[in-house]
Amino acid sequence: MKETIKHHLTDALLMAYSAGTLPEAFSLTVAAHVSMCDECRARLGAFDSVGGALIEEGETAALSQGSLEDTLARIARAGPPEAPRRAPGRKGVLPAPIRDYVGGDLEAVHWRPVGMGVKQAILPTAQDASARLLYIPAGAAVPDHGHRGTELTLVLQGAFEDEVDHFGPGDIEVADEELDHTPVADIGQDCICLAATDAPLRFKGWMPRLAQPFLRI
Ligand code: ZN
Ligand code: ZN
């Protein structure tokens, strides 16, 4: 199955994932997108190899004074990454990283209604951020909402549209407190997403810090 993915992970998220500094709920969402997306898997491979090379070269001091731009330039100079890890084959709707949390595919999900036909299932991750599966009936809307923190929404089945764009299978939307939106599921098919959000009170200054642990390796 070849899907055309238009909306990808940011460099900051891939770097933080590579450095192992993301909250578990965000790690899961990044892993799920990477398992569906050849492009992000290749970019992650580049971050992983540069991170490893920096440790081997012992350039800790030099790097700590560098900037994100320097690091990105190093990655660009490092050339194409090694052969990307192969995506595990996808059977069913849920990618493997999510199936591990659910204990199976969709039939194993314990949905709870949250109103207007929308259902959710919260996944068992650490408390610093939360991950939930969302089930939005075809044509239905998730109520207009802003974000007090960061929200990652990965489409697993169907599609939705909001004020930003149209998001189909494999697409990931990175929303922050700037965005107010009303996602509406496409008419044709019920939409299933994985949504990860951090605890609202923990957000201030959190996103800009994402890359710092990576730069301090
Ligand atoms: Zn991608
Ligand atoms: Zn949202």
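First things first, this report covers the structure right here in the doc. In this text, all values refer to a predicted model and were calculated from it rather than measured experimentally.

Cut-offs applied
Residues numbered from 1 in each chain as written. Chains lettered and ligands numbered in written order. Predicted model: local features only at pLDDT ≥ 70, side-chain atom pairs only at ≥ 80, totals over all residues. Heavy atoms only, no water. Donors = N, O, S within 2.8 Å, 3.2 Å for Na, K, Ca; no water. Tetrahedral: all angles 85-135°; square planar, octahedral: opposite > 155°, others 65-115°. Buried < 20%, exposed > 50% of the residue type's maximum accessible area, 1.4 Å probe, protein only. Salt bridge = Lys/Arg side-chain N within 4 Å of Asp/Glu carboxyl O. Helix = DSSP H or I, 4+ residues; strand = E, 2+ residues; numbered from the N terminus. Expected span 1.5 Å × (residues − 1). Phe/Tyr/Trp six-rings, centres within 6.5 Å; stacked < 30°, edge-to-face > 60°. Pairing = 2+ DSSP bridges. Contact = heavy atoms within 4.5 Å. Polar contact = N/O pair within 3.5 Å; in protein donor to acceptor, adjacent residues only side chain to side chain.

### What about the coordination of the zinc ion (ligand 1)?
When four donors bind a metal tetrahedrally, each ideal donor-metal-donor angle is 109.5 degrees, and when six bind octahedrally, the ideal angles are 90 or 180 degrees.
Right, on to step 1. Surrounding the zinc ion (ligand 1) are the protein donor atoms His8 (ND1), His33 (NE2), Cys37 (SG) and Cys40 (SG), which sit 2.1 to 2.3 Å from the metal.
Right, on to step 2. Coordination at the zinc ion (ligand 1) is tetrahedral, judged from the four donor atoms that bind it and the angles of 96 to 127° they form at the metal.
Right, on to step 3. Counting along the primary sequence, the residues that act as donors to the zinc ion (ligand 1) give the motif H-x24-H-x3-C-x2-C.
Right, on to step 4. Taking the relative accessible area as the measure of exposure, cysteine 40 reaches 0% and is therefore buried.

### Digging into the pattern of salt bridges
Right, on to step 1. Scanning the model with the defined rule gives two salt bridges in all.
Right, on to step 2. When the shortest N-O distance is used, the salt bridge between aspartate 11 and arginine 43 registers 2.9 Å. Of the two residues, aspartate 11 is situated in helix H1 (residues 11-19) and arginine 43 in helix H3 (residues 38-57); the sequence distance between them amounts to 32 residues.
Right, on to step 3. The partly exposed category is assigned to arginine 43, whose relative accessible area is 22%.

### As for helix H2 (residues 24-36)
Right, on to step 1. Between its terminal C-alpha atoms H2 stretches 19 Å, which fits the 18 Å expected from 13 residues at 1.5 Å a residue.
Right, on to step 2. With 11 of 13 residues buried, H2 is to be regarded as a mostly interior element.
Right, on to step 3. When H2 is considered as a whole, its buried residues turn out to be Ala25, Phe26, Leu28, Thr29, Val30, Ala31, Ala32, His33, Val34, Ser35 and Met36.

### As for the packing of aromatic side chains
Right, on to step 1. The final tally for this structure, using the stated rule, is two aromatic pairs.
Right, on to step 2. Aromatic side chains tryptophan 111 and tyrosine 135 sit 5.5 Å apart centroid to centroid with 65° between the ring planes, which places their arrangement in the edge-to-face category. Residue tryptophan 111 is found in the loop between helix H6 (96-102) and strand S1 (112-115), and its partner tyrosine 135 is found in strand S3 (residues 129-136); the two are separated by 24 residues along the sequence.
Right, on to step 3. Its relative accessible area of 22% is what places tryptophan 111 among the partly exposed residues.
Right, on to step 4. Seen from their ring centres, phenylalanine 160 and phenylalanine 167 are 5.1 Å apart, and the 20° between their planes marks the pair as stacked.
Right, on to step 5. Take phenylalanine 160: its relative accessible area is 2%, and that puts it in the buried class.

### What to know about the pairing of S3
Right, on to step 1. Counted residue by residue, S3 has seven buried out of eight residues, so it is predominantly covered.
Right, on to step 2. Judged from the four bridges that link them, strand S2 (residues 118-122) and S3 form a sheet pairing that is antiparallel. Along S3, the bridge assignment pairs lysine 119 with tyrosine 135.
Right, on to step 3. Connecting S2 to the next strand, S3, in antiparallel fashion are six residues.
Right, on to step 4. Here eight bridges tie S3 to strand S9 (residues 191-198), and the two strands are oriented antiparallel to one another. Of the residues in S9, the one forming a bridge with isoleucine 136 is cysteine 191.

### What about H1?
Right, on to step 1. The set of residues buried in H1 consists of Leu13, Leu14, Met15 and Ala16.
Right, on to step 2. In the segment just after H1, glycine 20 is the residue with positive phi, at about 75°.

### Some remarks on the environment of histidine 8
Right, on to step 1. Residue placement: histidine 8 occurs in the segment before H1.
Right, on to step 2. Placed 31 residues apart in sequence, histidine 8 and glutamate 39 show a C-alpha to C-alpha distance of 8.3 Å.
Right, on to step 3. With sequence-adjacent residues up to four places away left out, histidine 8 is seen in contact with His33, Cys37, Glu39, Cys40, Arg43 and Ile172.
Right, on to step 4. Only 3.2 Å separates the side chain of histidine 8 from the backbone oxygen of isoleucine 5, close enough to count as a polar contact.
Right, on to step 5. Within the local environment of histidine 8, its side chain forms a polar contact with the side chain of glutamate 39, the two groups lying 3.4 Å apart.

### So, the sheet that holds strand S5 (residues 160-161)
Right, on to step 1. Strand order in the open sheet formed by three strands is S6-S5-S8, with antiparallel pairing between adjacent strands. In this open sheet, the two strands that pair with only one neighbour each are strand S6 (166-167) and strand S8 (184-185).
Right, on to step 2. Pairing of S5 with S8, which is carried by two bridges, proceeds in the antiparallel orientation. Directly across from glutamate 161, in S8, lies its bridge partner valine 184.

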